[in-house]
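Each chain, letter by letter, is given below.
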Amino acid sequence: VIIQYKGSPGQRHRDHIRRERGRVKRDLSLIDGVSASVPADALKDLSDDPDVEYNLAYALLQTSQKDRAMALLREVTTSHPEHSQAQYQFGKTLLEDGHVEEALPHLEIAAKLDHSSDYVNYQLQVAYRRLGRTEDADNELKIYRDIKASKREKAVDRIRDKKG
């Protein structure tokens, strides 16, 4: 399985996998995660970690198991409201399903928790626009574009630094 965390996985994450009779196969630093081998019955214990719960929900969404995924995302956003990725994914999926008013608070929380994720602001502007809140939508669209521009500039700088 691939287990992604909010930040770089540390020793406590590796120890948790070992306690569940698993082993870390490879660090996946690009996604702040690890590739691990764990017994199937250990997945539930690992899922008590909100990062793992979120990733399980995300995987369920990718395999068209939306009902299970949404139940898990609801659980994570309720028990760990500070989990920005879960708030975002729950809000985005609700928005995609046409539940705009229910999606909005989750997207707003995600935007407050994570100021660097342009995709959160993009989805938030979509929700505002669908609710007829044009001024709020325009503001979020500006934030989205500013974050994208900043990321492009940083990418260009990194390329220049490597060449130079």
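Look above for the structure.
This one's a predicted model, so the numbers in the text were calculated from it and none came from an experiment.

Participant: Can you tell me about a nonpolar patch on the surface, naming the residues and giving the values?
Facilitator: Taken together, the side chains of Ile2, Leu30 and Ile31 present a nonpolar region at the surface, about 350 Å² in accessible area. Locating leucine 30 in the fold gives a position in the loop between β2 (23-28) and β3 (33-37). Residue classification places leucine 30 among the exposed residues on the basis of a relative accessible area of 86%.

Participant: If you had to explain the packing of helix α7 (residues 118-130) against helix α8 (residues 134-163) to someone new, which residues and values would you point to?
Facilitator: Interaxial distance between α7 and α8 falls to 8 Å at its minimum, and their mutual angle equals 165°. On the basis of the axis angle, α7 is roughly antiparallel to α8. Between α7 and α8 the crossing geometry is left-handed. Along the contact surface, α7 presents Asp118, Asn121, Tyr122, Leu124, Gln125, Tyr128 and Arg129, while α8 presents Thr134, Asp136, Ala137, Asp138, Glu140, Leu141, Ile143, Tyr144, Ile147, Lys148 and Lys151. The class makeup of the residues in the contact of α7 with α8 is eight nonpolar, three polar and seven charged.

Participant: Any chance you could break down the packing of aromatic side chains for me, citing the residues and the numbers?
Facilitator: Per the counting criterion, the structure on display carries two aromatic pairs. The interplanar angle of 65° and the centroid separation of 4.9 Å between the aromatic rings of tyrosine 88 and tyrosine 119 together place this pair among those described as edge-to-face. Of this pair, tyrosine 88 sits in helix α5 (residues 84-96) while tyrosine 119 sits in helix α7; the two residues are 31 residues apart in sequence, bridging distant segments of the chain. According to the relative accessible area criterion, tyrosine 88 is buried, its value standing at 10%. Judged by its relative accessible area of 36%, tyrosine 119 falls in the partly exposed class. Seen from their ring centres, tyrosine 122 and tyrosine 144 are 5.1 Å apart, and the 55° between their planes marks the pair as tilted. Within this pair, whereas tyrosine 122 is found in helix α7, its partner tyrosine 144 is found in helix α8, the two being separated by 22 residues in sequence.

Participant: Explain the side chain of arginine 14 residue by residue, including any values.
Facilitator: With respect to the secondary-structure elements, arginine 14 resides in helix α1 (residues 11-19). Within the structure, the side chain of arginine 14 is placed 3.0 Å from the backbone oxygen of proline 9, a separation counted as a polar contact. Every residue in contact with arginine 14, bar those within four places of it in the chain, is listed here: Pro9, Val24 and Asp27.

Participant: Summarise the nonpolar core; cite the residues concerned and give the values.
Facilitator: Within the largest apolar cluster, 26 residues are counted, with the highest numbers of intra-cluster contacts made by Leu73, Leu95, Leu107, Leu124 and Ala127. Listing elements by their share of this core, those giving two or more residues are α3 (50-62), α4 (66-79), α5, α6 (100-113) and α7. In terms of residue count, α6 provides more of this core than any other element does, six residues in total. Within the second largest apolar cluster, seven residues are counted, among which are Tyr5, Ile17, Val38 and Val52.

Participant: Talk me through unusual backbone geometry; I want residue IDs and the actual numbers.
Facilitator: Not every positive phi belongs to a glycine, and serine 64 is a case in point at roughly 60°. For serine 64, a relative accessible area of 69% gives the class exposed.

Participant: If you had to explain the pattern of salt bridges to someone new, which residues and values would you point to?
Facilitator: For the coordinates displayed, the defined rule picks out 11 salt bridges. Arginine 160 is the partner of aspartate 157 in a salt bridge, and the nearest nitrogen-oxygen pair spans 3.8 Å. Of the two residues, aspartate 157 and arginine 160 are both situated in helix α8; the distance of three residues between them amounts to about one turn of the helix. Assessed through its relative accessible area of 41%, aspartate 157 is described here as partly exposed. Taking relative accessible area as the criterion, arginine 160 reaches 56% and is therefore assigned exposed. What you see here is one network of salt bridges that share partners, running through Asp118, Lys148 and Lys151.

Rules of the game
- Starting from 1, residues in each chain are numbered consecutively following that chain's sequence as written.
- Whole-chain, interface and lining totals are the exception, using all residues; otherwise, since this is a predicted model, local features are given only for residues with pLDDT of at least 70 and side-chain atom pairs are given and counted only at 80 or more.
- Water and hydrogen atoms play no part in the side-chain values, which are based on all heavy atoms of the structure.
- Each patch groups residues whose relative accessible area exceeds 30% and which form no salt bridge, using 9 Å between like charges and 5 Å between nonpolar side chains of Val, Leu, Ile, Met, Phe, Trp and Tyr.
- Every accessible area reported is derived by Shrake-Rupley at a probe size of 1.4 Å, with residue values counting cover from the shown protein chains alone.
- What counts as a salt bridge is simple: a side-chain nitrogen of Lys or Arg found within 4 Å of a carboxyl oxygen of Asp or Glu.
- Think of it this way: any DSSP run of H or I at least four residues long counts as a helix, any run of E at least two long counts as a strand, and we number them from the N terminus.
- Any residue under 20% of the maximum accessible area for its type is buried, any over 50% is exposed, and the rest in between are partly exposed; the area is computed with a 1.4 Å probe on protein chains only.
- Every axis in this analysis is a line fitted to C-alpha atoms, fitted for helices over the stretch in contact. Angles between the N-to-C directions lie between 0 and 180 degrees.
- An angle counts as roughly parallel when it lies under 35 degrees, as roughly antiparallel when it exceeds 145, as roughly perpendicular when it falls between 65 and 115, and as oblique in every other case.
- If you view the pair so one helix is near and one far, a crossing is left-handed when the near helix is turned anticlockwise from the far one by less than a right angle, and right-handed when it is turned clockwise.
- What makes two residues a contact is simply this: any of their non-hydrogen atoms within 4.5 Å.
- All amino acids are sorted into three groups, where Ala, Val, Leu, Ile, Met, Phe, Trp, Tyr, Cys and Pro are nonpolar, Asp, Glu, Lys and Arg are charged, and the leftover types, Gly among them, are polar.
- Note on aromatic contacts: the rings of Phe and Tyr and the six-membered ring of Trp form a pair at centre separations within 6.5 Å, being stacked when their planes are under 30 degrees apart, edge-to-face when over 60 apart, and tilted otherwise.
- Under the rule applied, a polar contact is a pair of N or O atoms within 3.5 Å (in protein, one hydrogen donor and one hydrogen acceptor; residues adjacent in sequence only if both atoms are side-chain atoms).
- Think of a nonpolar core as a cluster: buried Ala, Val, Leu, Ile, Met, Phe, Trp, Tyr and Cys residues, connected wherever their side-chain atoms sit within 4.5 Å.

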